[in-house]
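Understanding the architecture of this molecule
Listed here are the chains, written in short residue letters.
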Amino acid sequence: MIPPLMPTYKRADLAFERGEGSWLYASDGRRFLDFAAGIATCSVGHAHPHLVETISQQAGRVMHVSNLFRIPQAEKLAERLVANSFADSVFFCNSGAEANEGMVKMARRAQMLAGHPERTEIICMDGAFHGRTLAMLSATGNPKYLEGFGTPVGDFVHVPFNDIEAVKAAITPRTAAVMLEPVQGESGIKCASVDYLRALRALCDQTGVLLALDEVQSGVGRTGRLFAHQWAGITPDVMSTAKGLGGGFPIGAILATETVAQAMTAGTHGTTFGGNPLACAAANAVLDVLLAPGFMDQICTRAALLDTLLDSLVADAPDIFAQRRGLGLLIGLRCVPAVGDVQAAAQQAGLLCVTAGDNVLRLVPPLTVTEEDCRKAVAMLVQAVTALRGTPDNKNKPVLETTP
Ligand SMILES: *Cc1c(COP(=O)(O)O)cnc(C)c1O
């Protein structure tokens, strides 16, 4: 019999009562170090006092008024995002997929208003993940996700990731935008190279194609810069973000240059909940933490420590881990045994992680993670390795060839 809660996820048999910092306390009394962080979302950890206080205060005043009225919390949040990014204007929504939908609408409409209504096609990357709405399923392009949901939404084409010649070859007079994640998350923590991002920017400039970045996962400090593309010294024309922005409170955003944003006038796009006082108060509290002097440097310090510790783990356990990759605190460990087994062993050792494509174990701790917790996490992975080595061979079949 189908459970009342629709079974669209394979859930671990764990429920949490409370959290504090990078730790979650399960209802059975166990505590876990949370390097899943609600899938790279709990950016300031659990029960962060400033976030809790801000949300409580705002909830006691006014949560929602609709976008038919001014929302000072949204105005303030937009000003801060504009002041700290390439963008001139911001639209708030409620999720990553919704931000991406709006981003595609903006790119197409900006092309239309620039005299190119024929430019509607979006070039996406193999291995992309842009969300689960009908159009974003097409942008994602993974046949597994599309199956059973009818004719894919048109005008999305795919090229290999990190291959500038493939993008060049795919651009036609009908191309509106190139859309990509600077670090592909769901498909296995694959970084776009700096050279590739710079070449894409130049190619877009030459061809009048817009550069649209999906920073739903890589944005909001995850990589040690407010947005991952900043590492490459480029700016997009339009960008989506979401996951970490509300620290666990749902909010998404589309950031755009004036050229793109001016395509959106009253009535062209909308959302009932998007950018409400409560969501924007939460995001402002998150930014209070992230924009404090030295905080991005602290993320980089933690990331450098984890890189060092994880590199020696990979070197010591080539039978379990084939490679470390990622940027900042968006970390992937490519596994030799099935990643599900490695994740389960980590969980058994007290560490929560997420899986990603390409047999990758994804480590995405809160950005506030302490040095001590980073060391504990790696110690738990060492424990997991020991446990995996103890498992009978038939349960722990390699799915990857061990790198020589
Ligand atoms: C999670 C994610 C999305 C989808 O976000 P939702 O909030 O689940 O709709 C889109 N793009 C990327 C890169 C993501 O990681």
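All values reported here derive from a predicted model rather than from experimental measurement. (Residues numbered from 1 in each chain as written. Predicted model: local features only at pLDDT ≥ 70, side-chain atom pairs only at ≥ 80, totals over all residues. Heavy atoms only, no water.)

What follows is about the sheet that holds strand 3 (residues 31-34). Spatially, 1-2-3-15 is the arrangement adopted by the 4 strands of the open sheet, whose pairing is mixed. Two strands bound the open sheet, and with one partner strand each, they are strand 1 (16-20) and strand 15 (351-352). Alignment of strand 1 against strand 2 (residues 23-26), held across 4 bridges, turns out to be antiparallel. Looking at the pairing, Gly19 lines up with Leu24 of strand 2. Packed on one face of the sheet, helix 13 (residues 371-390) meets strand 2, strand 3 and strand 15 and runs near 110° to strand 3. (Pairing = 2+ DSSP bridges. Helix = DSSP H or I, 4+ residues; strand = E, 2+ residues; numbered from the N terminus. Contact = heavy atoms within 4.5 Å. Axes fitted to C-alpha atoms, helices over the stretch in contact; angles between N-to-C directions.)

Turning to the site of the ligand, a few remarks are in order. Taken together, 13 residues lie near the ligand, and Gly96, Ala97, Asp214, Gln217 and Lys243 sit nearest. Ala97 places a main-chain nitrogen or oxygen 2.8 Å from an oxygen atom of the ligand. A distance of 3.1 Å separates a nitrogen atom of the ligand from a polar backbone atom of Phe129. Contact with the protein chains hides 80% of the accessible area of the ligand, taken as 380 Å² for the molecule alone. (Near = heavy atom within 4 Å. Polar contact = N/O pair within 3.5 Å; in protein donor to acceptor, adjacent residues only side chain to side chain. Areas by Shrake-Rupley, 256 points an atom, 1.4 Å probe, with all protein chains shown as cover.)

So, on to the UniProt feature "binding site: N(2)-acetyl-L-ornithine" (unreviewed entry) in the chain. As recorded in UniProt, the feature "binding site: N(2)-acetyl-L-ornithine" (unreviewed entry) lies at Arg132 and Thr271. Within the secondary structure, Arg132 sits in the loop between strand 5 (121-125) and helix 5 (134-140). Non-local contacts of Arg132, meaning those with residues more than four positions away in its chain, are made with Ala97, Leu137 and Tyr145. Considering the arrangement of structural elements, one finds Thr271 in the loop between helix 9 (258-261) and helix 10 (277-290). Those residues in contact with Thr271 that sit more than four places away from it in its chain are Asn67, Phe91, Phe92, Asn94 and Glu98. Of note is the side chain of Thr271, whose polar atom sits 3.2 Å from the side chain of Asn94. (UniProt positions renumbered as here; feature names shortened; annotations may be inferred.)

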